Amino acid sequence: FRPGKLESEIAVAAKPQQQIDISTNWKITFEGLKQTEDMPQLKSWTGNPATEYYSGKAIYEKTVEIPGSFLTGDAAIDFGKGEPVAPAAMPNGMRALLESPVRESALVYVNGELAGSVWHPPYTVPVRKYLHAGQNQLRIVVANLAINEMAGKALPVYTLLKDRYGDRFQPQGFENFHPLPAGILGPVQLVSR
């Protein structure tokens, strides 16, 4: 509880951090569409008309060359800090004030081993014990929300229900559905401390 930092803390803080940018050249397989595509730069898959309304799992795969010097410290995959959201008045419910860099959740596999999951801050997964010098296989299984698929479908027709029971139900807000960002938004780094 004394002011200032201990010498050991200063040495750790001053130690350089190594980074490997892994934001480019991913292969993505959309499980429900049975479709694979190359993604040169990480971004939301809702920007592509073929996957704009896709809800389900997408499998990101990539091979990364790791130098032996990278493995001297603790290594992790860092998906980023997230994007702050300005508070707004909401009539009902709650709203997170941080948008995740992974929409909505992901399981991270390194060389075939489950290293961890990402769905809340901090958006990092420790991976040191799964890495080795040379080529390493990364596989990240991302799942998004069902709202994207719902946004791509026509509104239900309630004519028969209304004819039988009267106009008792008013769908509210369904016409305002739009696809939300999905996937790994990037940038993503392999870091060693």
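Residues numbered from 1 in each chain as written. Predicted model: local features only at pLDDT ≥ 70, side-chain atom pairs only at ≥ 80, totals over all residues. Heavy atoms only, no water.

**Some remarks on the side chain of Asn-144**
Take Asn-144: it is sitting in the loop between strand 12 (134-143) and helix 2 (147-151). Judged by relative accessible area, Asn-144 falls into the buried class, the value being 13%. Here Tyr-54 takes part through its backbone oxygen, which lies 2.9 Å from a polar atom of the side chain of Asn-144. Here Gly-56 takes part through its backbone nitrogen, which lies 2.8 Å from a polar atom of the side chain of Asn-144. With sequence-adjacent residues up to four places away left out, Asn-144 is seen in contact with Trp-45, Tyr-54, Ser-55, Gly-56, Arg-103, Glu-104 and Ala-182. (Helix = DSSP H or I, 4+ residues; strand = E, 2+ residues; numbered from the N terminus. Buried < 20%, exposed > 50% of the residue type's maximum accessible area, 1.4 Å probe, protein only. Polar contact = N/O pair within 3.5 Å; in protein donor to acceptor, adjacent residues only side chain to side chain. Contact = heavy atoms within 4.5 Å.)

**Things to note about the confidence of the model for the chain**
Put simply, the chain has an average pLDDT of 88, and 91% of its residues get 70 or more. Every residue in residues 6-14 is under pLDDT 50, and counting partners more than four places away or in other chains gives one contact. (pLDDT = per-residue confidence, 0-100.)

**Brief notes about the side chain of Asn-136**
By the element assignment, Asn-136 lies in strand 12. The class of Asn-136 is buried, set by a relative accessible area of 0%. Polar contacts involving the side chain of Asn-136 include one to the side chain of Asn-111, which spans 2.7 Å. Ignoring anything within four residues of it in the chain, the contact list for Asn-136 reads Lys-62, Thr-63, Val-64, Ile-66, Asn-111, Tyr-130 and Leu-131.

**Looking at the sheet that holds strand 1 (residues 18-21)**
Spatially, 1-14-5-11 is the arrangement adopted by the four strands of the open sheet, whose pairing is antiparallel. Because the sheet does not close on itself, it has two edges, and the strands there are strand 1 and strand 11 (124-126). Each strand axis lies, on average, 20 degrees off the axis of its neighbour in the sheet, ignoring direction. Sheet analysis places strand 1 next to strand 14 (residues 189-192), joined by four bridges and oriented antiparallel. Counted as the bridge partner of Asp-21 is Gln-189 from strand 14. (Pairing = 2+ DSSP bridges. Axes fitted to C-alpha atoms, helices over the stretch in contact; angles between N-to-C directions.)

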